[in-house]
Amino acid sequence: MSDAAASPGAVCGGPDISVIIPCYNEVRNIAPLVAALDRALAGRRWEVVFVDDNSPDGTTHAVRQLAQKDARVRGLCRVGRRGLSSAVIEGALSSSAQIIAVMDGDLQHDDTRLGALIDAVQSGGCDVAVGSRHVEGGSNAGLANAWRHALSDGGIKLAQMVLPVRLSDPMSGFFALRQDVFEAVAPRLSGTGFKILLDILLSSPKPLRVREVPCGFRARVAGESKLDALVMLQFLALMLDKLCRGWLPLRFVAFCLVGSIGVGVNLAVMQSIRSMGGDFPVAQGGGTVVAMILNFVLDNNITYRDKRLRGMRFMGGLLAFMLVCSIGAVANVGVAQMLFQAHEGLTQASVAGAILAVVWNYAVSSTLIWRV
């Protein structure tokens, strides 16, 4: 750790700038990040707030060790909660600084461009300054592989279709804005997923003035990437939530997406059992049980990812989910059989029963299983 990172760093009168860094399992990056901020923000009054989701690798302990030596370092350890967006929201609302800057904890964002982002906001020329990889002078060479490039590029094109402002890199996690702008939009934020910038831009009651600052995207030095297919599913759910203008809860949108997968599995299992000579109630019941198990696993990892059940809690949750939702399953089979006997098509009858089960399962999941 450099002498700069360990220096007391007086903040008389409070900081003008708060750098919010959401992190999970980034213990080896904490000291290098503070040293990098010390260089990038020399001459400014700043603080850094690490918001750690109770990382098992000791990230919070590393933050506390630095905080004992440097008054500019603060840490928030969240227990029982997960998610980048909600971490940024809590960190930003804990600050009294005039400018909020957000960057990742993996050292991939070009910290040397942080001053330019802050200056763009302080000048009054924009509401949000975004570190962009896709304007002249920017680079996304640090993306690990073709898969991450494809996910990023696809998300950018989709986001640009619905954004109220022109932005070449809406998937950026490196940006700055005024505290009053953030406070105004905070009550409208979904707080779910990883794309907090997109959430802010889509949640603002009026289009925000945006300025893009070219920046590079470095290769990760330590830790593991958090970008995966589940993150992209959460991104799609966020887009749907904003398109619905908040009328549908984001979790319900995600739950329905998962439920649609369960409906397909339900139909596939039912048809398989029927093809082997099983009668309709047996086929529908078998499809319902398999779909229920699959839905629980997917919801645990997608819809309620921030409240994910593990170990014995996972098994207990699964058993409780199946026990309580058996009421919905009985209704599913009963409604489907009733429609089938009324000469409705096999598929239509099964879908009607499955939809009834999805609505019931969502109510149970949010109140008894994951306790939202």
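Residues numbered from 1 in each chain as written. Predicted model: local features only at pLDDT ≥ 70, side-chain atom pairs only at ≥ 80, totals over all residues. Heavy atoms only, no water.

The chain has the name Dolichol monophosphate mannose synthase in an unreviewed UniProt entry, where Acetobacter senegalensis is given as its organism. In its Sequence similarities (unreviewed entry) section, the UniProt entry covering the chain states "Belongs to the glycosyltransferase 2 family." (UniProt positions renumbered as here; feature names shortened; annotations may be inferred.)

Following the sequence through the fold, Arg78 ends up in the loop between strand E3 (73–77) and helix H4 (84–93). A polar atom in the side chain of Arg78 sits 3.0 Å from the side chain of Ser86. Of the polar contacts made by the side chain of Arg78, one reaches the side chain of Glu90; its length is 2.9 Å. Residue contacts for Arg78: discarding those within four places in its chain leaves Val51, Asp52, Asp53, Asn54, Gly83, Ser86, Ala87 and Glu90. (Helix = DSSP H or I, 4+ residues; strand = E, 2+ residues; numbered from the N terminus. Polar contact = N/O pair within 3.5 Å; in protein donor to acceptor, adjacent residues only side chain to side chain. Contact = heavy atoms within 4.5 Å.)

The next subject is the packing of aromatic side chains. Tallied over the full model, the rule gives 6 aromatic pairs. The interplanar angle of 65° and the centroid separation of 5.3 Å between the aromatic rings of Phe255 and Tyr362 together place this pair among those described as edge-to-face. Linking Phe255 in helix H10 (residues 250–275) with Tyr362 in helix H14 (residues 346–369), this pair joins segments that are 107 residues apart in sequence. Residue class for Phe255 comes out buried when judged on its relative accessible area of 4%. Pairwise contacts between aromatic rings join Phe296, Tyr304, Phe314, Phe321 and Trp370 into one cluster. (Phe/Tyr/Trp six-rings, centres within 6.5 Å; stacked < 30°, edge-to-face > 60°. Buried < 20%, exposed > 50% of the residue type's maximum accessible area, 1.4 Å probe, protein only.)

Tracing the sequence through the fold places Asp38 in helix H2 (residues 30–40). Taking the C-alpha atoms as reference points, Asp38 and Arg72, 34 residues apart in sequence, are found 9.7 Å from one another. In this structure the side chain of Asp38 is engaged in a polar contact, spanning 2.9 Å, whose partner is the side chain of Arg72.

A few words on the pairing of E3. Remark: a regular strand shows side chains that alternate across the two faces of the sheet. In this structure, strand E2 (residues 46–52) lies alongside E3, joined through 5 bridges in parallel fashion. Residue Val48 lies in a different strand from E3, and its bridge partner there is Val73. (Pairing = 2+ DSSP bridges.)

Attention shifts here to the packing of H2 against helix H3 (residues 59–67). Packing of H2 against H3 brings their axes to within 9 Å, and their N-to-C directions diverge by 40°. In terms of axis orientation, H2 runs oblique to H3. Seen from H2, the contacting residues are Ile30, Ala31 and Val34; seen from H3, they are Thr59, Ala62, Val63 and Leu66. Looking at the contact of H2 with H3 residue by residue, the classes come out as 6 nonpolar, 1 polar and no charged. (Axes fitted to C-alpha atoms, helices over the stretch in contact; angles between N-to-C directions. Parallel < 35°, antiparallel > 145°, perpendicular 65-115°, else oblique. Nonpolar A, V, L, I, M, F, W, Y, C, P; charged D, E, K, R; others polar.)

Moving on, we come to the pairing of strand E1 (residues 17–23). Taking burial as the measure, the 7 residues of E1 include 7 buried ones, the bulk of the element. In this region the chain leaves E1, passes through H2 and returns to the parallel neighbour E2; the handedness of that crossover is right-handed. The sheet contact formed by E1 and strand E4 (residues 99–102) spans 4 bridges and is parallel. Residue pairing for E4: Ser18 is matched across the bridge by Ile100. (Right-handed = clockwise from strand over helix to strand, strands pointing away.)

Between its terminal C-alpha atoms helix H12 (residues 311–324) stretches 20 Å, which fits the 20 Å expected from 14 residues at 1.5 Å a residue. Those residues of H12 that fall on the buried side of the exposure criterion are Gly317, Leu318 and Phe321. Viewed along the axis of H12, the buried residues span an arc of 100°, placing them on a single side of the element. Opposite the packed face of H12, turned more than 90 degrees from it, sit the exposed residues Met312, Leu319 and Leu323. (Expected span 1.5 Å × (residues − 1). Arc of directions from axis to C-beta.)

This part covers the nonpolar core. With 31 residues, the main nonpolar core has Val19, Ile21, Leu37, Val48, Phe50, Met103 and Leu114 as its most contacted residues. Sorting the residues of this core by element identifies E1, H2, E2, H3, E4 and helix H5 (114–122) as the ones contributing at least two each. With 5 residues, the top contributor of residues to this core is H5. Ignoring sequence-local partners within four residues, the contact set of Leu37 consists of Val19, Ile21, Trp46, Val48, Met103 and Leu114. (Core = buried A, V, L, I, M, F, W, Y, C linked by side-chain atoms within 4.5 Å.)

Glancing now at the packing of H10 against helix H11 (residues 280–301). Two elements in contact, H10 and H11, have axes separated by 7 Å at closest approach and are oriented at 145°. Note that H10 runs across H11; the crossing there is right-handed. (Left-handed = near helix turned anticlockwise from the far one by under 90°.)

This paragraph deals with the environment of Phe321. Its location among the elements puts Phe321 in helix H12. For Phe321, a relative accessible area of 0% gives the class buried. Here the alpha-carbon distance between Phe321 and Ser365, two residues 44 residues apart in the chain, equals 7.3 Å. Excluding residues that lie within four positions of it along the chain, Phe321 makes contacts with Met292, Phe296, Asn361, Ser365, Ile369 and Trp370.

This part covers the pattern of salt bridges. The final tally for this structure, using the stated rule, is 12 salt bridges. Here Arg81 ties to Glu90 by a salt bridge, and the two come within 2.8 Å at their closest N and O atoms. Taking the relative accessible area as the measure of exposure, Arg81 reaches 34% and is therefore partly exposed. Its relative accessible area of 28% is what places Glu90 among the partly exposed residues. Between Arg209 and Asp127 there is a salt bridge; the shortest N-O distance is 3.2 Å. Taken as a pair, Arg209 in the loop between helix H8 (196–203) and strand E7 (210–214) and Asp127 in the loop between H5 and strand E5 (128–132) lie far apart in primary sequence, 82 residues in all. Overlapping salt bridges bring together Asp53, Arg78, Arg81 and Glu90 as one network. (Salt bridge = Lys/Arg side-chain N within 4 Å of Asp/Glu carboxyl O.)

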